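Now for the letters of each chain:
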Amino acid sequence: MEDLIGPEEKPVSYSRRDFFKISLVKAEGKVHYADHSVIASGTVLAFTNPIIPFMWEKTGARQTGFVCIFTEAFFTHYGTITEFPVFRNAANGILLLNSEQEKVFRAYFEKIYSELHGSYEFKYDLLRSLVMEVVHAAQKLQPVKLQSSNKTKAAERLVRLFKDQLEQQFPIELNRRSIRLRTAADFAESLHVHINHLNKTLKKMTGLTTMQLINDRIIQEAKLILKGTTWTIAEIAGCLGFEEPNHFSAFFRCRCGIAPNRFRQS
């Protein structure tokens, strides 16, 4: 990180959302990850993906440490990187390290940095292995979970598949694009399950109904689009699967207590 930050620090506008990142950061501040916020004092190991919003709010001295950025394609032969718990949700993606743990992970990053600048013919194969060591070392620090029953595993898999399909529709970066799956029936058909089974499983495993999960994600995207673009309300409504702009406006006002245009101006 010291190599990236000059004497006059300026915020970088970086719109790419196709990369994964592992950060080992030593600083004072707050970590905002999805809808979680963690006060960080010392060293933080953070795993972030293209889908979940992440921001570091610095409150103290300058940050030091390492950042490792890669695309999903980099791990093609290792399976699906998003299946690993540290990349799947906020609860597993932020780790506050003690001094001994910091030394262990700093050694990993120093090795990665060294190999990256080396001339070994197969260095990227080696780098993949080293990054996977960081992933597994981090996951071993998480609390041990009891073995789930087959029935529980099936329910967890359905929830994961639902969330994957929901998230694959976002972010919306073109105002001509519209989400394809908008209702519980749409997801049930896509997942090849009965709608009642989907509704019951999601309610049991998450505490929320199918439509609550869908609508929460749509609201999250709506807020980002309203604040980050100049698209019209009609364009946003179309992107988010609403037939009429006034339907979207009523939906947004009902859940946020404010009209979309007022939210944009706030």
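Computed from a prediction, not measured in an experiment: that's the story for all the values here.

Draft legend 1. Just the packing of aromatic side chains, in detail. One pass over the structure, following the stated rule, counts 15 aromatic pairs. An angle of 85 degrees between the planes, with centres 5.5 Å apart, marks the rings of Phe 47 and Phe 87 as edge-to-face. Of this pair, Phe 47 sits in strand β2 (residues 36-48) while Phe 87 sits in helix α1 (residues 85-88), and the two are 40 residues apart along the sequence. Here Phe 47 and Phe 87 have matching classes, each one buried.

Draft legend 2. Representation of the environment of Lys 203 within the structure. Residue placement: Lys 203 occurs in helix α7 (residues 195-206). Separated by 44 residues in the primary sequence, Lys 203 and Val 159 place their C-alpha atoms 9.8 Å from one another.

Draft legend 3. A look at α7. If you check α7, its first and last C-alpha atoms are 16 Å apart, about what 12 residues at 1.5 Å a residue would give, namely 16 Å. Among the residues of α7, Leu 198, Thr 201 and Leu 202 are the ones counted as buried. Buried residues of α7, seen end-on, are gathered within an arc of 95 degrees and therefore sit on one face of the element. In α7, the exposed positions that point more than 90 degrees away from the buried face belong to Asn 196, Lys 200 and Lys 204. Directly after α7, the chain includes Gly 207, whose backbone phi takes a positive value near 80 degrees.

Draft legend 4. The arrangement of the nonpolar core in detail. Phe 162, Ile 172, Leu 198, Ile 218, Leu 240 and Phe 248 are the most contacted members of the largest nonpolar core, which has 31 residues in total. Put simply, the parts of the chain that give this core at least two residues each are α5 (150-167), α6 (184-191), α7, α8 (210-228), α9 (233-239) and α10 (245-256). No other element matches α8, which puts seven residues into this core. Aside from chain neighbours lying at most four places away, what touches Leu 240 is Phe 170, Ile 172, Ile 179, Arg 182, Ile 218, Glu 221, Ala 222 and Phe 248.

Draft legend 5. Just helix α3 (residues 99-116), in detail. Taking 1.5 Å per residue as the helical rise, α3 with its 18 residues ought to reach 26 Å, and the 26 Å between its terminal C-alpha atoms agrees with that figure. Those residues of α3 that fall on the buried side of the exposure criterion are Glu 102, Phe 105, Phe 109, Ile 112 and Glu 115. What you see down the axis of α3 is that its buried residues fit within an arc of 165 degrees, all on one side. Projecting away from the buried face of α3 at angles above 90 degrees are the exposed residues Glu 100 and Lys 103. By the N-cap criterion, in which a side-chain oxygen at the helix start approaches the backbone nitrogen of a residue two or three places on, α3 is capped by Asn 98, the distance to Glu 100 being 3.1 Å.

Draft legend 6. Spotlight on the pattern of salt bridges. In the structure shown here, the tally under the stated rule is seven salt bridges. Residue Glu 110 pairs with Arg 106 through a salt bridge whose shortest N-O separation is 3.9 Å. You can see Glu 110 and its partner Arg 106 sitting in helix α3, four residues apart, about one turn around the helix. Arg 106 sits in the partly exposed class, given a relative accessible area of 27%. Among the ionic pairs, Lys 111 bridges to Glu 115, the shortest N-O distance being 2.9 Å. In this pair, Lys 111 and Glu 115 both sit in helix α3, four residues apart, roughly one turn of the helix.

Scoring rules and cut-offs
Residues numbered from 1 in each chain as written. Predicted model: local features only at pLDDT ≥ 70, side-chain atom pairs only at ≥ 80, totals over all residues. Heavy atoms only, no water. Phe/Tyr/Trp six-rings, centres within 6.5 Å; stacked < 30°, edge-to-face > 60°. Helix = DSSP H or I, 4+ residues; strand = E, 2+ residues; numbered from the N terminus. Buried < 20%, exposed > 50% of the residue type's maximum accessible area, 1.4 Å probe, protein only. Expected span 1.5 Å × (residues − 1). Arc of directions from axis to C-beta. Core = buried A, V, L, I, M, F, W, Y, C linked by side-chain atoms within 4.5 Å. Contact = heavy atoms within 4.5 Å. Polar contact = N/O pair within 3.5 Å; in protein donor to acceptor, adjacent residues only side chain to side chain. Salt bridge = Lys/Arg side-chain N within 4 Å of Asp/Glu carboxyl O.

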